[in-house]
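Structural description and commentary
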Amino acid sequence: MDSPHGAAVVAENFGLKGPRGWAFRAVGVRAEPGSLIAVEGPSGSGRTCLLLALSGRMKPSEGHAEVGGMRLPGKMAAVRRISALGPVPGVSDLDPALTVAEHLRERALLQRRFDGSLRALLRPGSEQSKAARNRIGEALTAAGLDLDTLPKGERTAVRDLDRLEALRLSVALALIGRPRLLAVDDTDLKLSEAERSEVWEMLRGVVAEGTTVLAVCSEAPQDAVVVRTGPAATATTSPTTKNAADRPAGAGGAAKSAAKGRGRAAEAPADSPAKTATETAETTAKAPQTSADAPVKSGKSATAVEQTAETGETGETATRRESRESAAEHHKDDNEEGAADALAETGRA
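Residues numbered from 1 in each chain as written. Predicted model: local features only at pLDDT ≥ 70, side-chain atom pairs only at ≥ 80, totals over all residues. Heavy atoms only, no water.

**Topic: the overall build of the protein**
Cut-off, in case you're wondering: Labels follow the DSSP assignment, with helices taken as runs of H or I lasting at least four residues and strands as runs of E lasting at least two, numbered in each case from the N terminus. Classification of residues uses two cut-offs on accessible area relative to the type maximum, computed with a 1.4 Å probe and protein chains only: under 20% is buried, over 50% is exposed, and between them is partly exposed. The contact definition used throughout considers only heavy atoms, calling two residues in contact when any of these lie within 4.5 Å. Values of accessible area rely on a 1.4 Å probe in the Shrake-Rupley scheme; residue burial ignores everything except the protein chains shown.
Each helix and strand counted, the protein has eleven helices and nine strands in total. Across the 349 residues that make up the protein, the buried fraction comes to 37%. Excluding contacts between residues fewer than 6 apart, the proportion of contacts in the protein whose partners are at least 24 apart in sequence is 69%. For the protein, the computed accessible surface area is about 21300 Å², with 51% contributed by carbon and sulfur atoms.

What follows is the structure, encoded as structure tokens:
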């Protein structure tokens, strides 16, 4: 059963498929409320997608999960209400032009406006401001961000923060809403070993207060519930890639014929030299004779042989040329007959 703050996380055969294939697949996890869950894997292995799916921001494609007793994907909106995102590039980025104080005040106002109860909205303005300051102070303490150590205090612009300070600010903004599940992406990105240790200590402090933490990292600590991601197991094939033998006749007809020829050649046994030699001999015997001394069977063939002797053409070349000339003559006759028929039909003949 869940504690007042943390949310249990359970997933079985959890997977998400995108336009380019599976982002992650067959993920299983079981973590108690107030656990530190580390999503470990190389960059590009679907770590962020898994983080967003378990926090109700992305719809899974297969399997199911439960966060705080609410089943995904059916209760995505409910899971979003009890979870908060820390730093997630492209989703919850900080505005570099705003100061730290502006970010904190904006988040407190949004929290009061959209997540507060009706009774809280009806309280006097002074009480609401005091409650907001208390929430901001608690969040900053939990994230380990001391505003006095910043270059310009709370008026320091986000662009002037280093990587660790920006991460602490993002966590503080997420904790203002007192979520049951905190999701943090790229926990150890571009941090030294000492800074990574500080981040994990900060997240353990959040867990100690009862909040479940889901953190993406390249190397998980030993005391975390580890979920590993890797390359998608199912390879995808581009729908535009087709075999040459599957193309329609026409422009791809030659490719189709060649593919079929290769298929027949592959079917012939490789260990039949006698048959191969016999087929070669038969093919040689059936080959057209190109010598001028070849026997003549008709007058047309004799003419072809004489042209071969005079022009140096092979018998096959001369025969093809005669065929083209004959086809041209027939085509010319057909055109003339067609024109005569057309004139006769219109009365112009």
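After that view of the structure, there is still more to cover.
**Side note on the pairing of strand E3 (residues 36-40)**
Let me state the cut-off plainly: When DSSP finds two or more bridges between a pair of strands, those strands are recorded as paired.
Of all five residues making up E3, five are buried, and the element is well covered by its neighbours. Burial along E3 is two-sided: Leu36, Ala38 and Glu40 facing one way and Ile37 and Val39 facing the other are all buried. In this structure, E3 lies alongside strand E8 (residues 212-217), joined through five bridges in parallel fashion. Opposite valine 39, over in E8, you have valine 216 as the bridge partner. Both E3 and strand E9 (residues 225-228) contribute to a ladder of four bridges, which runs parallel. Following the sheet pairing, valine 39 is matched in E9 by valine 227.

**Brief notes about helix H7 (residues 193-208)**
The test is simple: To estimate the expected span of a helix, subtract one from its residue number and multiply by 1.5 Å. Think of the arc as the fan of directions from the helix axis to the C-beta atoms.
The end-to-end C-alpha separation of H7 is 23 Å, in line with the 22 Å expected for 16 residues at 1.5 Å each. Those residues of H7 that fall on the buried side of the exposure criterion are Val199, Trp200, Met202, Leu203, Val206 and Val207. What you see down the axis of H7 is that its buried residues fit within an arc of 155 degrees, all on one side. Those residues of H7 that are exposed and angled more than 90 degrees off the buried face are Glu193, Ala194, Glu201 and Ala208. Residues of H7 that are buried in the fold lie against E3, helix H5 (125-143), helix H6 (163-175), strand E7 (181-184) and E8.

**A look at the side chain of serine 55**
Convention followed: By the criterion applied in these results, polar contacts are pairs of N or O atoms within 3.5 Å in which, for protein atoms, one can donate a hydrogen and the other can accept it, and in which residues neighboring in sequence qualify only through two side-chain atoms.
Mapped onto the secondary structure, serine 55 falls in the loop between helix H1 (47-54) and strand E4 (62-67). At 3.0 Å, the side chain of serine 55 and the backbone oxygen of leucine 51 are in polar contact. Ignoring any residue separated from it by four or fewer positions in sequence, one finds serine 55 in contact with Val79, Arg80, Ser83, Leu85, Leu181 and Ala183.

**Some thoughts on the environment of histidine 64**
You can see histidine 64 is positioned in strand E4. Residues histidine 64 and leucine 54 lie ten residues apart in sequence; the distance between their C-alpha atoms is 9.8 Å. Residues within four places of histidine 64 in sequence aside, it is in contact with Val10, Ala11, Glu12, Phe14, Arg71 and Leu72. In terms of polar contacts, histidine 64 uses its side chain to reach the side chain of arginine 71, at 3.3 Å.

**Describing the sheet that holds strand E6 (residues 83-85)**
To keep it simple, the criterion reads: Fitting a line to C-alpha atoms yields each axis, with helices limited to the stretch in contact; the angle taken between N-to-C directions then spans 0 to 180 degrees.
A sheet is described by the order of its strands in space; here five strands give the open sequence E6-E7-E8-E3-E9, paired in parallel fashion. The open sheet has two edge strands with one neighbour each: E6 and E9. When the angles between neighbouring strand axes are averaged without regard to direction, this sheet yields 20 degrees. Where E6 and E7 come together, three bridges link them in parallel fashion.

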